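# Breakdown of the fold
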Amino acid sequence: MHKLNVRQICFWLAAVLPVSRLIVYPATLSFRAGNDLLWPALWNLIAEGTVLLLLLLLARRTRRTFFGLLRERAGEAAARMTALLLALFFALAAVLPLLEQRGFVLQILYENVPSFLSFAPLFALLLFAGAQSLRALGRTMDIALPIFALCFMILLLLALPDADFSALLPVFGRGMGEQARTALFSLPWYTGAPCMLCFVGNFEYKEGCAKKVLLAYAIGAAATLSFLAVFYAVFADISFLQHNALAQISKYATALTPLGRIDLLFVIGLTLVLVISACVPVRLCVHCLGEAFGGPRALHAAIVSILLLGVTVLLNPAFREAQTFLSERMWPVFALFGYGLPLLAALFLREKKAHRSHGIEGKTPRKDLSAADRTRAPSPETGRTLRAEN
Amino acid sequence: MKKFARKALLFATGLLLLLFFTNNFGLIDIQKTAIVTAIGIDAAEEGGFDVTAQIAVPDASGADTASNVTVRGTETVGEAIAELNRKTGWFPTLVHCSLILLGKDTAQENVFRALDYFLRSEYVEDSCLVALCETTAAETLGAGSPIGDLASAAIAKVLSAEAQKTGLVSVTNLRDFAKGYFSEGESGFLPQLSALPQAKSEGGSGGQSGDSGNSSSAGGSGSGKSGGSSDVFDASRTALFVRGQLTALLETEETLAYNLAVSGTDMAFGDVTVYEGDREVIYHLKIDIGKKSQKLQIKGALPVLEFSIRAQAQVVDANKAGTRTEIAATAIVPDHVLRAAEERFEKELRAAADKAHATGCDLFALKQKLHRFHPKEYEALQENLLQDVRITCDIRFETMR
Amino acid sequence: MDTKQTDKQETFGADIRANLRMLKEALPAEDILVYEFAAGDGTACAAVYADGITDKELLGALVARPLAAAPAPKTREEVRRKLLFPEVKEADDLDAAGKEILAGNPALLVDGVRGALILGTKKVSLRAVAEPQTAIAIKGPREGFIEDIKTNMGLIRRRLKTPALRFIMLNVGKYSQTAVAIAYLDGVADKKAIRAIEARIRAADIDGVPDSSYIARFLARRPLSLFKQAGTTEKPDILCAKMLEGRIAVLADGSPIALTLPYMLTEDFQSAQDYFVSPYRATVSRILRLFAVCVSVFLPALYVAAQLFRLRLIPFGLLIIVSGGIRSIPLSPGLEMFFLLAVLEILVEASVRMPKYVALALSVIGALVLGDTAVKAGLVSSPAIIIVAIAGISAYTVPDLTGTLSLVRILYVVVAGSIGPYGIVLLTALLIWYLVSAESYGVPLLAPFAPLIRHDLADSLYKADLAALDRRPRALRGKNRTRLKLRRDAAAGREDEQPSGEGPDGQAADAAGEEKDA
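Residue numbers here run from 1 along each chain, matching the order of that chain's written sequence. Working convention: letters from A go to chains and numbers from 1 go to ligands, in the order in which they are written. The predicted nature of this model means local features are confined to residues of pLDDT at least 70 and side-chain atom pairs, given and counted, to a pLDDT of 80 or more, with totals for whole chains, interfaces and linings taken over all residues. Side-chain figures throughout are based on the complete set of non-hydrogen atoms in the structure, without hydrogens or water.

## Observations concerning the domain arrangement of chain C
Where the parts come together, the accessible area they lose is often given as the size of the interface. Applied cut-off: For each domain, the first and last residues come from an automatic or database assignment.
Domain assignment breaks chain C into domain 1 (3-119), domain 2 (149-263) and domain 3 (291-440). Placing a centre on the C-alpha atoms of domain 1 of chain C and another on those of domain 2 of chain C gives a separation of 32 Å.

## So, the confidence of the model for chain A
Short version of the rule: By definition, pLDDT measures how confident the predictor is in each residue, and it falls between 0 and 100. The contact criterion used throughout is that any non-hydrogen atoms of two residues lie within 4.5 Å.
On average, residues of chain A score 88 in pLDDT, and 89% of them reach the 70 mark or higher. pLDDT under 50 marks residues 375-387 of chain A. Its contacts with residues more than four places away, or in other chains, come to 21 contacts.

## Considering the packing of aromatic side chains
Residue and element names in this part refer to chain A. As a reminder, the rule being used: The rule is short: rings of Phe, Tyr and Trp, with Trp giving its six-membered ring, pair when the centres are within 6.5 Å, and they are stacked under 30 degrees, edge-to-face over 60, tilted in between. Going along the chain from the N terminus, every DSSP run of H or I of four or more residues is numbered as a helix, and every run of E of two or more is numbered as a strand. Between buried and exposed lies partly exposed: a residue is buried under 20% and exposed over 50% of the maximum accessible area for its type, with that area taken using a 1.4 Å probe on protein chains only.
Under the counting rule described, the total for this entry stands at 30 aromatic pairs over all chains. Their ring planes at 80 degrees and their centres at 5.8 Å tell us that Tyr 25 and Tyr 190 sit as a pair that is edge-to-face. Pair noted here: Tyr 25 is in helix H2 (residues 25-33) and Tyr 190 is in the loop between helix H8 (176-185) and helix H9 (192-199), with a separation of 165 residues, a long-range link. The pair formed by Tyr 25 and Tyr 190 is uniform in burial state, with each residue classed as buried.

## Structural notes on the pairing of strand E6 (residues 129-133) of chain B
Residues and elements named next belong to chain B. Keep this limit in mind: Throughout, right-handed denotes a crossover for which the path from the first strand over the helix to the second runs clockwise when the strands point away from the viewer.
Among the 5 residues of E6, 5 are classified as buried, and the element is accordingly described as predominantly covered. Where burial is concerned, the two faces of E6 agree: the one with Leu 129, Ala 131 and Cys 133 and the one with Val 130 and Leu 132 are both buried. Taking the sense of rotation as the criterion, the β-α-β connection linking strand E5 (residues 99-102), helix H3 (residues 112-120) and E6 turns out right-handed.

## As for the sheet that holds strand E3 (residues 88-91) of chain C
All names here are of chain C. Spelled out, the test is: DSSP-based pairing: two strands are paired if at least 2 bridges between them are found. In this description, a line fitted to the C-alpha atoms serves as the axis of each element, helices being fitted only across the stretch in contact, and the angle between N-to-C directions of two axes falls anywhere from 0 to 180 degrees.
Spatial strand order, E1-E2-E4-E5-E3: 5 strands in an open sheet with antiparallel pairing. The sheet terminates laterally at strand E1 (32-38) and E3, the two strands that pair on one side only. Averaged over all neighbouring strand pairs, the angle between strand axes comes to 25 degrees, with direction disregarded. By the bridge criterion, 2 bridges tie strand E4 (residues 107-110) to strand E5 (residues 116-119) in an arrangement that is antiparallel. Its bridge partner lying in E5, Leu 108 is registered against Leu 117. With respect to the sheet, helix H1 (residues 16-26) is in contact with E1, strand E2 (44-50) and E4, its orientation differing from that of E2 by roughly 15 degrees.

## Brief notes about the nonpolar core
Put simply, the rule reads: Within this scheme, the nonpolar core is defined by two criteria: the residues are buried Ala, Val, Leu, Ile, Met, Phe, Trp, Tyr or Cys, and they are joined through side-chain atoms within 4.5 Å.
Residues Trp 12, Leu 86, Phe 199 and Phe 203 of chain A, Ile 39 and Leu 115 of chain B together with Tyr 422 of chain C are the most contacted members of the largest nonpolar core, which totals 239 residues. In this view, Tyr 422 of chain C contacts Gln 101, Val 105, Leu 109, Tyr 110, Ser 118, Phe 119, Leu 122, Thr 271 and Val 275 of chain A; residues no more than four positions away in its chain are not counted. Membership of the second largest hydrophobic core comes to 49 residues, among which are Val 242, Tyr 283, Leu 296 and Ile 395 of chain B.

## Things to note about a negative patch on the surface
Residues and elements named next belong to chain B. Threshold: Patches in this entry comprise residues that are over 30% relatively accessible and not in a salt bridge; like charges within 9 Å are linked, as are nonpolar side chains (Val, Leu, Ile, Met, Phe, Trp, Tyr) within 5 Å. Here the Shrake-Rupley method, with its probe set to 1.4 Å, supplies the accessible areas, and only the displayed protein chains count as covering residues. Throughout this description, the term salt bridge denotes a Lys or Arg side-chain nitrogen within 4 Å of a carboxyl oxygen of Asp or Glu. Residues counted as positive are Lys and Arg, residues counted as negative are Asp and Glu, and His and the chain ends are not counted. Charge coordinates come from a single atom per side chain, which is NZ of Lys, CZ of Arg, CG of Asp or CD of Glu.
Taken together, Glu 45, Glu 46, Glu 75 and Glu 79 make up a surface patch of like negative charges. In this fold, Glu 79 is placed in helix H2 (residues 77-88). Relative accessible area serves as the criterion here: at 30%, Glu 79 is assigned to the partly exposed category.

## Examining helix H6 (residues 191-202) of chain C
The periodicity of an α-helix, 3.6 residues per turn, causes residues three or four places apart in sequence to face the same way. Put simply, the rule is: One fewer than the residue count of a helix, multiplied by 1.5 Å, yields its expected span.
If you check H6 of chain C, its first and last C-alpha atoms are 16 Å apart, about what 12 residues at 1.5 Å a residue would give, namely 16 Å. Looking at the buried positions of H6 of chain C, the neighbouring elements they touch are strand E6 (165-172), strand E7 (178-185), helix H7 (212-219), strand E9 (248-252) and strand E10 (258-261) of chain C.

## Observations concerning the interface of chain A and chain C
Stated formally: Reported buried area values correspond to the accessible surface (1.4 Å probe) lost by two parts on association, with both partners' losses combined. Two N or O atoms count as a polar contact when they lie within 3.5 Å, although within protein this holds only if one can serve as hydrogen donor and the other as acceptor, and sequence-adjacent residues are included solely when both atoms are side-chain atoms. Charged means Asp, Glu, Lys or Arg here, nonpolar means Ala, Val, Leu, Ile, Met, Phe, Trp, Tyr, Cys or Pro, and polar covers whatever is left, Gly included.
The partner chain C presents 39 residues to the 45 residues of chain A that form the contact. Summed over both partners, the interface of chain A with chain C comes to about 3,800 Å²; 66% of that surface belongs to carbon and sulfur atoms. Counting across the interface, chain A meets chain C through 2 salt bridges. Among the salt bridges present, the one from Glu 111 of chain A reaches Arg 310 of chain C, with a minimum N-O distance of 3.2 Å. One can count 14 residue pairs in polar contact (both at pLDDT 80 or more) joining chain A with chain C. Only helix H1 (6-19), helix H5 (76-108), helix H6 (121-131), helix H7 (134-159) and helix H13 (263-293) of chain A provide two or more residues apiece to the side of chain A that touches chain C. Tallied by class, the residues present in the side of chain A that touches chain C amount to 25 nonpolar, 10 polar and 10 charged.

## Quick word on the environment of Leu 62 of chain C
Residues and elements named next belong to chain C. Relative to the helices and strands, Leu 62 resides in helix H2 (residues 56-68). For Leu 62 and Thr 121, which are 59 residues apart along the polypeptide, the C-alpha to C-alpha distance reads 9.7 Å. Not counting the four nearest positions on each side in its chain, Leu 62 is found in contact with Leu 83, Leu 84 and Phe 85.

## Quick look at the sheet that holds strand E12 (residues 279-299) of chain B
Residue and element names in this part refer to chain B. The mixed open sheet is built from 4 strands, whose spatial order is E11-E12-E13-E14. Two strands bound the open sheet, and with one partner strand each, they are strand E11 (267-276) and strand E14 (390-399). On average, adjacent strands in this sheet sit at an angle of 35 degrees to one another, irrespective of strand direction. In this sheet, E14 lies alongside strand E13 (residues 302-318) in parallel orientation, the contact comprising 10 bridges. Across the sheet, Ala 313 pairs through a bridge with Thr 399, a residue of E14.

## Let's talk about the interface of chain A and chain B
Listed per partner, the contact involves 33 residues of chain A and 27 residues of chain B. Together chain A and chain B conceal approximately 2,500 Å² of surface at their shared face, both sides included; 59% is due to carbon and sulfur atoms. For the pair chain A and chain B, the number of links is 4 salt bridges. Its salt-bridge partner being Arg 372 of chain B, residue Asp 164 of chain A comes within 3.2 Å of it at the nearest N-O pair.

## Here's the deal with the pattern of salt bridges
Inspection of every chain in the model, using the stated rule, returns 57 salt bridges over all chains. Salt bridges here are not isolated pairs; linked through shared partners, they connect Lys 242, Glu 245, Arg 247, Glu 267 and Arg 483 of chain C.

## Overview of a positive patch on the surface
Residues Lys 2, Lys 3, Arg 6 and Lys 7 of chain B make up a contiguous surface patch of positive charge. Tracing the backbone through its elements, the reader meets Lys 7 of chain B in helix H1 (residues 2-22).

Next comes the structure, spelled out in structure tokens:
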């Protein structure tokens, strides 16, 4: 039984993936690119979309997972090593969103800078979420989409009256070189492709799947770009002062009304989606650790959560330095794992039509099962595991 | 594993309950919190600041009263806010601060020396209204309101979006003022607030100032009810700023013309004087702006600012007794009155522009427009843009039918 | 009945004395009586019964009298023919006979006849079939289940007159031997789920089952969960509607509450009323229920979080009122809310248990003392009381979830008071993760929202017209999907030109329509 549904992947791309790009990223972009902030974002979105398309073509030709294909082509050791590296990458990819979320939460949801204890329970949730199945991850996307759609639309509509879109002019005012640099330094925010790499083989590829997924990605990209446009249109030259863009753009419509900052309720709704988005790289890190070492998922989840908690505590007083390091120094790592590895997988692991693996309908071939899954016993209930559809 | 999970859950529950019942970790005790509704900043000696905070003081019935607390002679606004806490024992929260008043003296230097505290702080929203006071901010905040409002509430009404719609007030918030300051033009404007004393009345609200000086700690925060004069606030004049310093003042008519041409005003009232025969007749018109635009064009390497305004007018009143026919046809404005209104509007608009440009204030954001819409000509023209720009007005008033 | 069962099952012989001795040894209780009488030819006969749960009149009239009027039969078959009684079973061993006697069905022994006959003359005092207090309907049927499983099965049978309606009878409880029935529609319900449910009930090793909630505990996949794992209903019309969707019902003797499985959280937001009123009204009602549940759970927590951590959430005017109102309150907002919620729970608990004649006095205490006087004394603030009242009332729009909501609400308040607004977000995320991973016999608890099943949305938060509900919910995984076929003519609103009952060829119009649809 496949763990994910194509619809859930679409919802992830349309709603959950973009939300992590709406916190500090807009201010960072406007600092580097000024009014040309849309272009570096667009290029990264196109690059990521292209890699996603290639991964979909990979999924089309196989029922295996990425690690299953790797196991077949390069051997068990290579598969485990890659899994370990990918796990480390996902842990790294989770750091910046967590730090951003920490700042966002402590500044927007609280009025006097509270203790880190107010943020720490997130790691307990990450542990819990990391220990759940991919099916549960997929289902949270079904919940996240309507929340995101409603809250995002309302915030954007509230911001529109204050937006002066001429602030985005002149186009290419900063020069291509600066934009290229900005695009490279933005790579830590574009980690959708390696996630998709892990999803390959865990969902059933049906006819028309690629179109749906790409459409969903395009919607997510449009949401990101429209947010960036409105953000800069509202703030113009003081954009890079607005560190928590999501909570800033809509306040002008509500701040002086009798109801007050009612937009904060929608910001809280989006914070929920943000929490779900933070769970994705963590869950995939756990998935990769399972591929690398086997063993109980809960243990891997505990290790990852504790590790991330430690890193967040360590970097707590040094967000700027951490962000600068990850974006300006570590961008090659993000390029390699974020684009390079998925690209290589899509190009070189793709099965030819004649060699497409035919498993039993609905059953994942044994080679593709993670070490943990291979040893899991069926439910004692009826002798077979009674599982629901996605 | 399950045993461990159970123990972990028990521990987490215990910790949660401990946090809950001990009530610590970043809490605000609302009873010890001073809800600041407005901040007034005046210039003190030697470049310091006198900061007045208007604090809402709820009584048991929930009625609004306010108390003003002034901290004098601090080097920075942030220091003054911190001192509010030290001297009064209250923790000031600025999240409901919706008004920042700048005393007249602060405008002699760069007002952003004071204002950037609010831009740095995550807890003060830059949606708050900003205004320049004709006198001092402390006096303005200490003024009474004839209808019992807090001074800050009364001022906020004068500076509200509804007031903006009438065109008599150039409403701006901190964000817009900061955008202008940091833009290419480095200019901005603020409404100038004057308190016009009305009548003496007893039991007006609005507060008694308590001073908390630097050297002595009186710490006073009196409760708000006192007999005193009640004032009406007027903000029909507009102060122009360049690089944070006050450079010029637009009069009421100039402010109205500017708002009708540029800002979000779509409907206003204005007077037009015409000569009918040998008599001077003043018509009071209601003006509805239909379409308006302002474009910066480059014509023959010279910048031209084109205003295009289409409006409809209706006679509301005149200082002569009208005939039955005139009264019945009040919606129809005579042509000569329309032309006079156009002339008047253009005159005031040009006067506002001239006044601004003469002092270097880029009131119409011309440099920004040049940069955005004509980036190739920007380098060549931006230095003398304000002096070189030619203004053309295409203003057409029609009668409302 | 001696609970220490011997391995060897003792069987009845032909000697009535020996059989009676065996029975009296096995059932020594004093309410187990023996009615001895003679057949027409003087042959000894005896009926062993439990006093109080046997219809002695029926026993005398339909059993003893016919036997006394004729010579004693020689075989059990002859005994059957003599008795003017439909419910007669045979029992060869002591154990089987003992169980039946304890269930209210006497055992008839005839000297010289091997074995015993079990007579179905059970008579227990039962209440009438009436409208249940927990599911009052303004429109629709007013019948409700009672404690007798046979009556309940009859109420179902009356509504589902189809051979596809099946019952699997089980006995659960070492001492109580409670009859439990699994009811389902063959060809509609998921067979895997039926087998799984039956296996779990059979595996239940418990002394007694006083109520169906005990069975629910065995059927739960997550027994320690805060959330229900089985649907419940006291109304046969609702139960039959659920069975028609593909669910499986579990009835327990002695309990008027029937369980339905698989369970989805959305079914608690549905009411029978929704199917009897216009779909627009039903949709509005459901959205209102969801809104009320959100208010019930989140409002107290948001209030506490806003006061303690984020004043900006409260509009300024309201903040002044709140601030003025709590000036002299000794408790912090979190503790105050916790205290008021505890008082609310105490009031609810007391109102359920209190005798009716003190209800008025206690409601005065609740309203005046706890409400008005407590505010005046400065113990609690008015805004907090209003919020608790709204939250408390809102929970009762979904009566089946009230218990869960009270606990979740308190949890939210504790989290909001300790961690703050982010705590509310995290707890919501945790609950979402928890619920999306929960399943009830293969059906996700949050279906049709997570996973999103578009077809099933027509009867979830939004109630479509009956014509749109032509297929059973996909989430329930039944085989037979179609439950409604509308005739095209009827759907278009056109009337037949021929008189009803006659088609253009002289055939019955109904038959012609059915052939066309098939």
